[in-house]
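# Chain and residue survey
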Amino acid sequence: MPSLSCTPLIRSTIPALAALAMVGCGGGSSEESPPSPTIASIPTAEQACAALSGKVLASATVTAAATVAASGTAPMYCKVTATIAPQLNFELRLPQQWNGKLYYGGGGGYDGSIPDLSGANLNALQQGYATVNSDSGHSGSSLSAAFALNDTYAANLFGSLSVPTVMSSAKEMVQTAYGKSPERSYYEGCSNGGREGLMAAQRDPNLFDGVIARAPAYNWVGFMGQFNRTAKAVAAQGGQFTSAKLALMAKSVRDACDSSDGIVDGVVSNPRACSFDPSVLRCAGGADAGDSCLSDAQLAVVNSWTTPASWTGGMYTNPGWTLTGNEDDPGAWPLWVTGNGNMQTALQYLFQDTTVKNYLARDPVQDSLAYIWDASPNALYGLAALNDATNTDLRPLKDSDAKLILWHGGNDAALSHKATTAYYQGVINAVGGQASADQFVRYYIAPGVDHCSGGPGADETDLLSALDAWVTRDSAPGTLIARKTSAGATQFTRPLCLYPQYPRYTGPANDTAAAAQASNYTCTPP
Ligand SMILES: [Ca+2]
């Protein structure tokens, strides 16, 4: 007889699967130990695949199901690809050693392809999660919103519907493959993926037991509008930055502010103590006089960068950025703002351009640099209705007992951490104060980290484990550890501090080894 502690794990309505599950679950001998409560006894990957081949579950048609052998980094799993008509494609990965939980990994940009098994998705599979990712309902470049021009359903899937739609099918597939529903379901995503997480938190508060929203692109109208404004400033006569000018500006900020966090490490970890005034770099007379100064046109770019933007009477806003001293990092301004000398290759230009063409002007040949962002308030309302996830009233999420972790890179040149801070403050206000928010929300800023990852700061933290401990053991996350790795080797660590704290160096002076250890930093109020 299987032990009683084992039996409840097996709820398959498919006798063969239930029997298979029993084999690894005490197997008929009362002498054997009961299984770990967190590792369900499950069919093999091959059997999980066979159970799903050709199935239609919750309107999803399985198009392929095949076992993928263990590799150097990934465990053995059953790879399931499926489509919800007409063209919402997703991939479910079912590990042999399942931890009983489901992980939904979000997309990026304008989506258009299924995220691969790397990064956070790989981390989750390694931890035993069944993982699922989708293309959000269309195929194409993540830099193109062409899908939204004439296809309202595709636009709605991208905006808010793809996650709950895919989840419905994914949960049924997990049930069929393993013989039991997931005990917990978590969501994690960055950038547009972070927006998708907040959208779910706001509109489907019972969908996930926990959500990790990293660098969330939640205020779509606001940040796209600021992309448009910055792109116009960079494209203006004399607005371009040479790499030497960009390096000059960044170094000037570091020279003024790097040490304010207790250590000169190339990262300004306490930006609130930095009051660098870029006008000290102004070329005499304001005209460009070479790489040792900034012209008025270039200072106008900086001014656009650091000041808030607002449209339609304040209905749509974006708070702007803080100068960090790492604007010259390859993943910062060169990628997002200046395009290494060709601003029409910079991502801020490209994202606002496709947004103007396909959502606002609805004209594929519209010159976005000539487009007035709020020329049509109705167009902004429509874009916001589809994509904005700006509702801060998360009381339904809190009431569902779910948890939310917000994270943002301090050197993010795509989406300002100031916007996520504003959202966090909005949640605090909406749920009745800090103590109430502390019961279900945590917010972290990672100094010196670019958009989602990269940059000179420590960009890797296992937020999923922190979330799971909070949900399953009521162990609320405090200070976490962030790592910077290269080719799998840890270069240095830092504490990842709860907002608004920053990591202040408190170790011995002039000690390179000590400076690489998180234990020599103390999370400190600004
Ligand atoms: Ca520093």
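For the structure itself, look to the data block above.
Here the structure is a predicted model, which means the values were calculated and not measured. All chains use their own residue numbering, which begins from 1 and follows the written sequence. Only residues with pLDDT of at least 70 get local features here, since the model is predicted, and only at 80 or more are side-chain atom pairs given and counted; chain-wide, interface and lining totals rely on the full set of residues. Working from all heavy atoms in the structure, the side-chain values ignore hydrogens and water.

### Focus: the packing of aromatic side chains
Ring pairs shown here join Phe, Tyr and Trp side chains whose ring centres sit within 6.5 Å, with only the six-membered ring taken for Trp; geometry is labelled stacked below 30 degrees between planes, edge-to-face above 60, and tilted in between. Under the criterion given, the structure shown has 27 aromatic pairs. Judged by centre distance (5.4 Å) and plane angle (55 degrees), the rings of Phe147 and Phe158 are tilted. With Phe147 in helix α4 (residues 147-150) and Phe158 in helix α5 (residues 152-178), this pair connects stretches of sequence that are eleven residues apart. Assigned by exposure class, Phe147 and Phe158 land together as buried. One residue, Arg195, lies across the ring of Phe158, its end atom 4.9 Å from the ring centre. Put simply, DSSP H or I for four residues or longer makes a helix, DSSP E for two residues or longer makes a strand, and each gets a number counted from the N terminus. Buried residues are those whose accessible area, probed at 1.4 Å on protein chains only, stays under 20% of the maximum for their type, while exposed residues exceed 50% and partly exposed ones sit between those limits. Throughout this description, the term charge over a ring refers to an Arg CZ or Lys NZ atom that lies within 6 Å of the ring centre and within 35 degrees of the ring normal.

### Description of the sheet that holds strand β4 (residues 88-95)
Read across the open sheet, the ten strands follow the order β1-β2-β3-β4-β6-β5-β7-β8-β11-β12; overall the sheet is mixed. The sheet is open, and its two borders are formed by β1 (56-57) and β12 (441-446), each paired with just one other strand. Only strands joined by at least two bridges in the DSSP assignment are considered to pair. When β1 meets strand β2 (residues 60-68), the two strands line up antiparallel, connected through two bridges. From the neighbouring strand, Leu57 faces β2, where its bridge partner is Ala60. In this description, contact between two residues means that some pair of their heavy atoms is separated by no more than 4.5 Å. Under this scheme, a helix contributes an axis fitted over its contacting stretch, all axes are lines through C-alpha atoms, and angles between N-to-C directions fall in the 0 to 180 degree range. Packed on one face of the sheet, helix α6 (residues 192-203) meets β7 (184-190), β8 (210-214) and β11 (403-409) and runs near 140 degrees to β7.

### A short note on helix α14 (residues 417-431)
Expected span of a helix: the number of residues minus one, times 1.5 Å. The terminal C-alpha atoms of α14, which comprises 15 residues, lie 21 Å apart, in line with the 21 Å expected from a rise of 1.5 Å per residue. Listing the buried residues of α14 in full gives His417, Ala419, Thr420, Thr421, Tyr423, Tyr424, Gly426, Val427, Ile428 and Val431. Buried residues in α14 make contact with α6, β10 (316-318), α13 (395-399), β11, α15 (434-438) and β12. Pairs of N or O atoms within 3.5 Å make up the polar contacts considered here, provided that, within protein, one atom can donate a hydrogen while the other can accept it, and that residues adjacent in sequence are counted only when both atoms are side-chain atoms. Sitting at the amino-terminal end of α14 is Ser416, which places a side-chain oxygen 3.0 Å from the backbone nitrogen of Lys418. Looking one or two residues beyond α14, the residue adopting positive phi is Gly432, at roughly 100 degrees.

### Things to note about the packing of α6 against helix α12 (residues 377-387)
For the pair α6 and α12, the least separation of the axes is 11 Å and the interaxial angle reads 80 degrees. As judged from the angle between their axes, α6 and α12 are roughly perpendicular. Across from Arg195, Met199 and Arg203 in α6, the residues of α12 making contact are Ala385, Leu386 and Asn387. Gly is put with the polar residues, along with every residue not named as nonpolar or charged; the nonpolar set is Ala, Val, Leu, Ile, Met, Phe, Trp, Tyr, Cys and Pro, and the charged set is Asp, Glu, Lys and Arg. Split by residue class, the contact of α6 with α12 holds three nonpolar, one polar and two charged. In what follows, roughly perpendicular refers to angles from 65 to 115 degrees, roughly parallel to angles under 35, roughly antiparallel to angles over 145, and oblique to any angle outside these ranges.

### Some remarks on the pattern of salt bridges
Think of a salt bridge as a Lys or Arg side-chain nitrogen and an Asp or Glu carboxyl oxygen that are within 4 Å of each other. All told, the structure shown has eleven salt bridges when counted by the stated rule. Of the charged contacts, one joins Asp288 and Lys245 as a salt bridge, the two residues approaching to 3.0 Å between their closest N and O atoms. Taken as a pair, Asp288 in the loop between α8 (243-257) and α9 (296-306) and Lys245 in helix α8 lie far apart in primary sequence, 43 residues in all. You can call Asp288 partly exposed: its relative accessible area is 46%.

### A word on the coordination of the calcium ion
Distances decide who is a donor: an N, O or S atom must be within 2.8 Å of the metal, or within 3.2 Å for Na, K and Ca. Water is not included, so sites may look incomplete. Around the calcium ion, the protein contributes the donor atoms Asp258 (O), Asp258 (OD), Asp261 (OD), Asp261 (OD), Ile263 (O), Asp265 (OD) and Val267 (O), at 2.3 to 2.6 Å from the metal centre. Read from N- to C-terminus, the donor residues coordinating the calcium ion fall into the pattern D-x2-D-x1-I-x1-D-x1-V.

### Points about the pairing of β4
Of all eight residues making up β4, eight are buried, and the element is well covered by its neighbours. Inspection of the sheet shows strand β3 (residues 77-84) paired to β4 by eight bridges, in the antiparallel sense. Within β4, the residue paired with Thr83 across the bridge is Asn89. With antiparallel pairing between neighbouring strands as the criterion, β3 and β4 make up a hairpin whose turn holds three residues. In terms of strand pairing, β4 meets strand β6 (residues 130-134) through four bridges, oriented antiparallel. The residue of β6 that forms the bridge with Leu92 is Val132.

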